[in-house]
Every structure is written in structure tokens, then in C-alpha cells.
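Overview (structure and organization)
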Amino acid sequence: MKKILIVGAGLGGLTTALRLAKRGYQVELVEKNAQAGGRLNQIKKDGFTFDIGPSFFSMPYEFDEFARDCAIRLPFEFVELDPLYSVSFRNNPKTYTLYKDIDKLAEQFSDVEPDFKRKMQRYLDACEALYNDTVDVAIKTNFNSLPHYFLSLLKVNPIHLPTLFRSFWAQIERYFDSKEAREIVSLIAFFLGRTPFDTSAVYTLLSYIEFRNNGYHNVKGGMYQIVTGLLKELDKAGVKLHYQVEIDDFEEKDGKLMAMLDTKGGKWTADAFVVNSDAAFFRGRVLKKKTFSEARLQKMEWTMGYLTFYIGLNAKLEDLNHHNYFLGSNYRDYAQQVLTQVDMAEKPYYYVNVLSRSNPDCAPEGCESLFFVCPVPNLLHKKDWSDKEQIVDAILHDFSERIGRDISPLIVSRTVFSPVEWEKNFNLYQGSGLGLSHKMLQIGGFRPSNKDEDYQNVFYVGASTVPGAGLPMAVISSKLVTERIVEAF
Ligand SMILES: Cc1cc2nc3c(=O)[nH]c(=O)nc-3n(C[C@H](O)[C@H](O)[C@H](O)COP(=O)(O)OP(=O)(O)OC[C@H]3O[C@@H](n4cnc5c(N)ncnc54)[C@H](O)[C@@H]3O)c2cc1C
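Residues numbered from 1 in each chain as written. Predicted model: local features only at pLDDT ≥ 70, side-chain atom pairs only at ≥ 80, totals over all residues.

1. Here's the deal with the site of the ligand
Applied cut-off: Placing the C-beta atom from the backbone, one calls a residue near a molecule or strand if that atom lies within 6 Å of it. In DSSP terms, a helix is any run of H or I states spanning at least four residues, a strand is any run of E spanning at least two, and both are numbered starting from the N terminus. Charged residues are taken to be Asp, Glu, Lys and Arg, nonpolar residues to be Ala, Val, Leu, Ile, Met, Phe, Trp, Tyr, Cys and Pro, and polar residues to be all remaining types, Gly included. Bear in mind that the domain bounds are from an automatic or database domain assignment.
Not every one of the 36 residues close to the ligand is listed here, only the nearest: Gly8, Gly10, Gly12, Gly38 and Gly462. For the shell around the ligand, the secondary structure elements donating two or more residues are helix H1 (11-22), strand E2 (26-31), strand E14 (305-313) and helix H17 (471-488). Top element by residues in the shell around the ligand is H1. It accounts for three residues. When its residues are assigned to classes, the shell around the ligand shows 17 nonpolar, 15 polar and four charged. When residues of the shell around the ligand are assigned to domains, at least three fall in each of domain 1 (3-44 + 56-78 + 221-299 + 438-488) and domain 3 (305-426).

As C-alpha cells, this is what we get:
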């Protein structure tokens with residue numbers, strides 16, 4: 001029986017482990033932390049439960065495909081979010097509630113964007129065509145070389161060619177006139193860790209996924225139930241997990257990797273290795289490849305960092321949705337500086353997830369479990385985060401003003417992660433929240449491959465290899481790397 005060692009128990013590592021175990025491989029996993037899940041993780045503190053990263057996901061059918069592939073029943077239950085989320089702007093008393101239902105959605109914009117329904121339908125028709133024409137050839141395919149990638153792209157309907165040369169924002173401007181519609185519909189570009197102004201219009205396919213395809217989903221009991229459920233399935237399949245094992249070196253012989261070495265002197269041998277640690281960072285720092293030297297890594301384009309904080313409140317906030325976006329009034333200026341500095345004058349934009357809204361068990365009776373995400377520069381642009389508590393205080397103050405209730409005396413639990421903690425906890429290069437960005441020269445055949453260039457028995461899975469960031473992409477990534485391994489061994 002061939003033995004596979006997986007480095008990292010993020011969603012990519014866990015789903016790859018089960019796919020391989022179900023195919024008859026002997027699989028072991030090593031994880032640097034004491035708990036599995038990577039960015040899809042959980043904190044339990046002061047009687048509250050907080051999801052620390054992902055708070056929803058799209059494309060649930062990728063999880064269904066995974067369950068079918070492993071011949072299991074999905075070990076967690078997802079719940080569609082309706083409404084999708086709400087958005088409010090500073091100095092504007094209105095809260096926009098975003099629905100998948102086009103008539104309800106159009107009603108929200110009736111005072112600012114005449115004919116919204118027709119415009120949105122036209123926009124979504126274009127996004128849907130883009131999704132249908134690219135998902136199989138560009139997202140769900142392994143590329144063996146750049147020519148192979150280009151040949152694959154030739155299958156895409158040339159009607160989409162102009163989107164390659166346009167920004168997300170430029171595409172939005174072609175369909176909508178109001179500031180409100182443009183800003184709200186383009187918000188999704190921030191989910192890719194960049195801004196609508198530097199993200200390609202190709203990613204407007206995400207608007208189709210968001211508003212028309214399958215919407216957004218939460219998991220019953222909190223997002224960490226995905227990990228808890230997967231761990232049970234891995235246990236049944238005989239996969240061994242070893243926690244608090246961090247790989248920092250390796251042994252090789254004749255173009256083959258023989259063993260991974262951990263920081264405590266442990267040696268981990270296998271026939272093949274799958275790396276779920278960041279695919280670019282690991283190649284540079286651990287495998288010491290010149291093509292991924294520190295200087296090269298710095299030149300790559302990385303997604304922004306996140307300042308996240310987890311607040312336990314000794315009261316209920318009835319007026320909030322599961323997902324709530326609090327934006328300022330300077331969208332374009334904000335987007336231009338968010339990657340490099342924190343704007344304390346205008347106050348940062350932020351997102352608030354009320355986990356206890358749909359999962360009452362995550363907070364004590366009468367309490368609320370809140371999770372704030374504020375996009376901020378990664379450590380390449382802001383190294384010193386000694387001001388993190390001050391920034392959090394400013395956001396909490398702003399939040400209190402905007403919901404019309406001072407929450408500071410109600411706070412009974414507070415935990416803050418700046419990009420420093422994100423880097424340290426999960427080996428995220430420079431605290432970049434989503435790994436390598438999705439610019440044209442860093443996706444598909446240009447992204448660090450899921451097959452190592454030098455070692456025939458080393459593979460990669462997760463956000464910085466193909467296809468990219470986000471939970472459904474991690475599941476697709478596990479499918480692609482499994483295909484590679486089955487083909488090679
Ligand atoms: C704040 C935040 C919010 C997000 N929100 C969403 C969302 O709402 N929806 C969504 O779909 N996506 C979201 N994402 C993105 C999503 O979390 C990631 O794309 C996904 O979880 C990445 O999974 P992964 O398998 O690539 O790797 P990771 O989760 O990074 O897992 C890698 C694992 O490898 C371990 N590791 C690293 N190096 C080593 C080593 N040398 N030795 C041993 N172990 C090692 C790490 O500890 C980690 O457990 C969010 C991300 C962040 C940061």
C-alpha cells in the first residue's frame with residue numbers, strides 16, 4: 001500500500017486525505033497546530049464559540065461532489081442564507097438587504113437605480129455565460145504546462161475576451177449608474193482579497209455564483225462543524241493525524257523527496273507528500289527553491305491581510321443579519337489605500353458576522369457571539385501592529401454609533417488577530433489572508449502548480465495553488481491533486 005504524508009490539516013489537506021484514503025492509500029497528516037482546520041477554525045472562550053475565518057461559502061455542490069467521491073453522507077448540514085447579507089453606508093440611514101430573489105433585490109434599489117431589475121438581469125446573464133464557459137476549462141482542470149493552459153483557454157468562447165482587459169469595476173460601470181448599485185455589486189471583489197479596481201472583470205462570474213447560482217450557505221452549528229465532521233470520517237477511514245508537528249526541512253535523493261523533517265527533529269517518510277501549507281511559501285522557506293526565494297516571494301502579488309476580532313456580548317442585537325457590511329462614503333479612495341494603509345480618519349470598512357443569530361448554541365443564553373473582519377494591509381505594507389487594539393476600539397465605537405447602541409459596556413469576551421497572528425498561527429506569508437492574489441499572471445497555468453517542478457513525489461493543495469482561495473476552491477483543489485496522485489502512483 002502506498003503511503004502519503006499530508007503536511008497541514010486545512011480544508012485542502014483534510015479533503016485530500018479522505019479522497020486518498022478512500023482510494024486505498026495509507027494516509028497520515030501532520031499539522032503544526034493543536035487543532036485541525038487551518039483558517040477554517042474555531043475559538044471557544046468565555047462560554048462563546050467563534051468561527052475564526054470563513055463565515056459562509058458558495059458552490060455547495062462541490063461539497064456534494066466530494067461526499068459522492070468518498071461514498072459518504074456529508075457529515076455536516078448547510079443552510080442557505082436568505083437574505084444573503086446587508087450593507088450600510090456611513091451618513092446614509094438606509095440599510096440595503098441583498099436577496100437572491102431579483103424582485104426583492106430590485107425593490108432595494110428602486111430609489112437610486114431606475115430599471116435595476118433589467119440591468120441586473122443583463123449583468124447576471126453575462127456573468128452566467130462567463131461562469132459556464134470557463135468553470136470546466138479554466139478552474140476544474142490540471143495544467144501540465146503553459147502551452148497546455150493556453151490550449152485550454154482557446155476553448156473559451158472569444159466573446160469573453162474583452163473581460164480579460166477590463167477591471168471588475170469597469171465592467172460594473174457598463175451595467176449600473178448609481179454609486180450604491182456599483183459599490184454593492186462590486187463588493188464581492190474584496191472576497192478575493194483585492195479590490196474591484198485591481199481585480200479582473202473575469203471574476204464577475206462570482207456575481208453569478210452569489211446572486212443566481214446557489215447563493216451563500218452557513219453550516220448548522222457553525223462553520224467548524226465542517227472540520228468536526230471531516231475528522232470523524234477520517235478516523236473511520238483509518239487516517240492518522242499528528243498535531244503540533246511543524247515541517248521545516250526535508251531530505252531528498254535522486255530527484256525524489258525521501259522525508260519531511262519537523263522542528264523537533266522528527267523524520268516523516270512516505271512514498272509521496274502533499275503540502276497543504278501555502279504552495280509558494282513552502283517551496284521557498286522549506287524546500288529552499290531559488291525560484292521562490294524571499295526576494296521572489298516579495299515580488300509576487302499577495303492578497304490583503306485581515307484584522308479579525310471576536311466579541312462576546314452580554315446582550316442580543318436583534319436588528320442585525322447573519323452578515324452585515326459597514327461601508328464608508330469614500331469607496332474609491334478607500335479601495336486605493338486599503339492594501340497599503342489603515343484609514344483611521346474616515347474609519348475602516350468592516351464586516352460583522354452574528355454567528356449566534358443562526359446558531360444559538362454558540363453563545364450563552366441572552367448573549368451574542370460577534371465576529372468582525374476588517375480588510376487591512378498585509379505585513380509587506382504594515383509591519384507594526386502594536387496599534388491593533390486602538391483600531392479595534394475605533395471600529396467598535398463606529399459600530400456602536402451605527403447601530404445606535406453603545407456595546408462597549410456589554411463586551412464580556414474579546415480576542416483580536418492582526419496579520420501578525422494570522423501569519424504566526426497558520427504560516428500565511430506576510431499575514432496575507434487568502435494567499436497569492438488572483439491576478440491574470442497568478443492563476444491557472446501561471447499559479448504555483450499542484451505538482452512539484454523538481455520532485456516527482458511532491459504535490460500541493462490549497463489556496464495558493466490551483467484553482468485559488470475560498471472553501472469550494474479548496475475542495476476542487478483536493479480533487480485536482482488527487483487526480484495527479486492517482487495518475488502518478
Ligand atoms: C478572515 C478570513 C475570512 C475568510 N472567509 C471566507 C469565507 O467566508 N468563505 C470562504 O469560502 N473562504 C473564506 N476565507 C478563505 C478560506 O478560509 C481559505 O481559502 C481556506 O480555508 C484555505 O484552506 P487551505 O486548505 O488552503 O489552507 P489553510 O486553511 O491555510 O490550512 C493549511 C494548514 O497547514 C498548516 N501548516 C502550514 N505550514 C505547516 C508546516 N510547515 N507544517 C505543518 N503544518 C503546517 C496550517 O497550520 C494550516 O492548518 C477566509 C479566510 C480568512 C483568513
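2. Topic: the sheet that holds strand E1 (residues 3-7)
To keep things clear, this is the line we draw: In short, DSSP must find at least two bridges between two strands for them to pair. Helix axes use the C-alpha atoms of the stretch in contact, all axes being lines fitted to C-alpha atoms, and the angles between their N-to-C directions lie in the range 0 to 180 degrees. Each residue gets a C-beta atom placed from its backbone, and two residues are in contact if those atoms lie within 7 Å.
Pairing within the open sheet is parallel, and its five strands lie in the order E9-E2-E1-E13-E19. Among the strands making up the open sheet, the edge pair consists of strand E9 (240-243) and strand E19 (458-460). When strand polarity is set aside, the average angle formed by the axes of neighbouring strands in this sheet is 20°. Pairing analysis gives three bridges linking strand E13 (residues 272-275) to E19, with the strands arranged parallel. Paired with Val274 across the bridge in E19 is Phe459. On the sheet, H17 packs against E1, E13 and E19 and is oriented at approximately 165° with respect to E19.

3. Some remarks on the environment of Arg414
Of note, Arg414 is situated in strand E18 (residues 411-417). Here the alpha-carbon distance between Arg414 and Leu313, two residues 101 residues apart in the chain, equals 9.1 Å. Aside from chain neighbours lying at most four places away, what touches Arg414 is Phe309 and Ile311.

4. Focus on helix H16 (residues 419-426)
Using the following cut-off: Buried, partly exposed and exposed are defined by the number of other C-beta atoms within 10 Å of a residue's own C-beta, namely 20 or more, between the two limits, and 12 or fewer respectively, with C-beta atoms placed from the backbone. This arc is built from the directions going out from the helix axis to the C-beta atoms.
Among the residues of H16, those classed as buried are Pro419, Trp422 and Phe426. In an axial view of H16, the angular spread of the buried residues amounts to 65°, which keeps them on one side of the axis. Two residues or fewer past H16, Asn427 is found with a positive phi of approximately 55°.

5. Observations regarding helix H15 (residues 388-403)
To be explicit about the condition: By definition here, a helix of n residues has an expected span of 1.5 Å times n minus one.
Between its first and last C-alpha, H15 extends 22 Å over 16 residues, near the 22 Å set by a 1.5 Å rise per residue. For H15, the set of buried residues is Ile391, Val392, Ile395, Leu396 and Phe399. Along the long axis of H15, the arc covered by the buried residues comes to 135°, so they all point the same way. Exposed positions of H15 whose direction lies more than 90 degrees from the buried face are Gln390, Asp393 and Glu401. Where H15 is buried, its residues meet E14, strand E15 (323-327), strand E16 (350-354), strand E17 (368-376) and E18. Phi turns positive, to about 70°, at Gly404, one or two residues after H15.

6. A word on the domain arrangement of the protein
What the domain assignment reports for the protein is domain 1 (3-44 + 56-78 + 221-299 + 438-488), domain 2 (101-214) and domain 3 (305-426). For domain 2 versus domain 3, the separation of C-alpha centres amounts to 27 Å. Each residue belonging to the side of domain 2 that touches domain 3 can be placed in one class, and the counts come to four nonpolar, one polar and one charged.

7. Digging into the pairing of E16
The buried fraction of E16 amounts to five of the five residues, a majority that puts the element mostly inside the structure. Alternating residues of E16 divide into Tyr350, Val352 and Val354 and Tyr351 and Asn353, and every residue in both groups is buried. Where E15 meets E16, four bridges bridge the pair, whose relative direction is antiparallel. Paired with His323 across the strands is Asn353, a residue of E16. Strand direction decides the pairing type here: E16 and E17, joined by four bridges, are antiparallel. Counterpart to Val352 in the pairing with E17 is Phe372.

8. Describing unusual backbone geometry
Geometrically, the link from Asp82 to Pro83 is a cis peptide bond, its omega value of 5° lying close to zero. Positionally, Pro83 belongs in the loop between strand E5 (78-80) and strand E6 (85-89). Looking along the chain, the bond that leaves Val466 and enters Pro467 is cis, with omega of -5°. Position of Pro467 among the secondary structure elements: in the loop between E19 and H17. Here the phi dihedral of Met59 falls at roughly 50°; this positive angle occurs in a residue that is not glycine. Position of Met59 relative to the elements: it lies in the loop between strand E4 (48-51) and helix H2 (61-69). Judged by the 21 C-beta atoms lying within 10 Å of it, Met59 falls in the buried class. For Asn427, which is not glycine, the phi torsion reads 55° and is therefore positive. Along the chain, Asn427 turns up in the loop between H16 and E19.

9. Looking at the environment of Asp125
Among the secondary structure elements, Asp125 is positioned in helix H4 (residues 116-139). Remark: the alpha-carbon pair of Asp125 and Tyr429, spanning 304 residues in sequence, is separated by 37 Å.

10. Details of the pairing of strand E10 (residues 247-253)
In this structure, E10 lies alongside strand E11 (residues 256-262), joined through six bridges in antiparallel fashion. Residue Ile247 lies in a different strand from E11, and its bridge partner there is Asp262.

11. Describing the nonpolar core
Where we set the bar: Throughout this description, the term nonpolar core refers to a group of buried Ala, Val, Leu, Ile, Met, Phe, Trp, Tyr and Cys residues whose C-beta atoms join them within 7 Å.
Core analysis: the largest hydrophobic core is formed by 140 residues, its most contacted members being Ile4, Leu14, Ala17, Phe273, Tyr350 and Phe372. The leading source of residues in this core is H17, at eight residues. In contact with Ile4, not counting residues within four places along its chain, are Leu20, Tyr25, Val27, Ala270, Asp271, Ala272, Val274 and Ile485.

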